[in-house]
Amino acid sequence: MIFQTLLVGMTNCYIIGDKETKDGIIVDPGAYGKEILKKVEELGLKITAIVLTHGHIDHIGALPEVREATGAKVMIHADDAEEFAKAGHYLSNYLGTVISTKAADRLLQDNDKIEVGKLTLEVIHTPGHTRGGICLKIAPDKVLTGDTLFAGSIGRYDFPGGSYAQIIDSIKTRLLVFPPETRAYPGHGPSTTIGEEKLNNPYLID
């Protein structure tokens, strides 16, 4: 598996590809579209999908540029789809930027599978940061946790669609069930492991 992390502004963008077929996906193109596309070219990938862990502006800022350049299908969870398709949706007004986006091509549900060449990614619905927030199991020992779980912290739950009770439940029932050595790659900040967060994350210690 090809796996590349790009820091775009303050957001982690992930590029994942099949070494054999060279099919690939982009997860959360938050900014710096030209840099993302340059890295895709360096990796020799054909991007077939753009997956959004949720619809906030800092995760989709470069989406129009990347979508047009690649022709890839855009995927987001169904519970974030309505807000995503609105001009000025979600947090764009906080940043003084309005991005108009076309509707997503595929509305995801919990346990959906996303095929990338011979790779299969699994959708894990983890509401709490937004109603339609998702994580992605990309390998037996790797999971992208979006803005649900961070190293030593959790995603904000005070924005529209957020819920503290939901995000804690999502983490405990959907993420902490993975083996402790599972590497978690969040939407912001450094990677961590499920075991580390289970033991030491102050939000998760009962």
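Just so it is clear, the structure is predicted and the values come from calculations on it, not from any experiment.

Trainee: Honestly, the packing of aromatic side chains in this entry has me stumped. Any pointers?
Mentor: Two numbers describe a pair of aromatic rings. These are the distance of the centres and the angle of the planes. Under the criterion given, the structure shown has four aromatic pairs. With centroids separated by 5.0 Å and ring planes inclined at 65°, the aromatic side chains of Y157 and Y164 adopt a geometry described as edge-to-face. Residue class for Y157 comes out partly exposed when judged on its relative accessible area of 34%. By relative accessible area, which is 40% here, Y164 ends up partly exposed. An aromatic cluster is present here, built from F3, Y14 and Y185 joined pairwise through their rings.

Trainee: In this structure, what is going on with helix α6 (residues 164–175)? I would like to understand it.
Mentor: Because the α-helix completes a turn every 3.6 residues, residues three or four places apart line up on one side. Its 12 residues place the ends of α6 16 Å apart at the C-alpha level, agreeing with the 16 Å of an ideal helix rising 1.5 Å per residue. Those residues of α6 that fall on the buried side of the exposure criterion are I167, I168, S170, I171 and L175. Axial view of α6: buried residues confined to an arc of 155°, hence all on one face. Looking at the buried positions of α6, the neighbouring elements they touch are β9 (134–139), β10 (142–146), β11 (149–150), β12 (153–154) and α7 (194–200). The backbone nitrogen of A165 lies 3.5 Å from a side-chain oxygen of the residue at the head of α6, namely S163.

Trainee: Sorry if this is basic, but what is going on with unusual backbone geometry here?
Mentor: Residues apart from glycine generally show negative phi values, whereas peptide bonds are mostly found in trans. Its identity as a non-glycine residue notwithstanding, K22 has a phi of 70°, on the positive side. Position of K22 relative to the elements: it lies in the loop between β2 (11–17) and β3 (23–27). A positive phi is found at D28, a non-glycine position, where the angle reads about 60°. Following the sequence through the fold, D28 ends up in the loop between β3 and α1 (33–43).

Trainee: Please explain the sheet that holds strand β4 (residues 46–51) as it appears in this structure.
Mentor: Two modes of strand pairing occur in sheets, parallel and antiparallel, and in both the strands are linked by backbone hydrogen bonds. Spatial strand order, β1-β2-β3-β4-β5-β6: six strands in an open sheet with mixed pairing. Unpaired on one side and paired on the other, β1 (2–8) and β6 (106–108) mark the two borders of the sheet. Between one strand axis and the next, the sheet turns by 25° as a mean value, whatever way the strands run. Direction of pairing for β3 relative to β4: parallel, over a ladder of five bridges. Looking at β4, one finds that I26 is bridged to I50.

Trainee: When you look at the packing of α1 against helix α3 (residues 63–70) in this model, what are you seeing that I'm missing?
Mentor: Each pair of packed helices can be described by the angle between their axes along with the distance between the axes. Running from N to C, α1 and α3 cross one another at 35°; their axes reach a closest spacing of 9 Å. You can see that α1 and α3 cross each other, and the crossing is right-handed. Only E65, V66, A69 and T70 of α3 make contact with α1, whose side of the interface consists of G33, K34, I36 and L37. Tallied by class, residues from the contact of α1 with α3 come to four nonpolar, two polar and two charged.

Trainee: What exactly am I supposed to notice about the side chain of R67 here?
Mentor: Inspection of the secondary structure assignment puts R67 in helix α3. Beyond its immediate sequence surroundings of up to four residues, R67 is in contact with I50, A72, V74, K102, A103, A104 and D105.

Trainee: I'm lost on the environment of P127 in this one. Help?
Mentor: If you trace the backbone, P127 turns up in the loop between β8 (119–125) and β9. Taking the C-alpha atoms as reference, P127 lies 20 Å from A103; in sequence the two are 24 residues apart. Beyond its immediate chain neighbours, meaning those up to four positions away, P127 contacts G133, Q166, I167 and S170.

Analysis parameters
Residues numbered from 1 in each chain as written. Predicted model: local features only at pLDDT ≥ 70, side-chain atom pairs only at ≥ 80, totals over all residues. Heavy atoms only, no water. Phe/Tyr/Trp six-rings, centres within 6.5 Å; stacked < 30°, edge-to-face > 60°. Buried < 20%, exposed > 50% of the residue type's maximum accessible area, 1.4 Å probe, protein only. Helix = DSSP H or I, 4+ residues; strand = E, 2+ residues; numbered from the N terminus. Expected span 1.5 Å × (residues − 1). Arc of directions from axis to C-beta. Contact = heavy atoms within 4.5 Å. Polar contact = N/O pair within 3.5 Å; in protein donor to acceptor, adjacent residues only side chain to side chain. Pairing = 2+ DSSP bridges. Axes fitted to C-alpha atoms, helices over the stretch in contact; angles between N-to-C directions. Left-handed = near helix turned anticlockwise from the far one by under 90°. Nonpolar A, V, L, I, M, F, W, Y, C, P; charged D, E, K, R; others polar.

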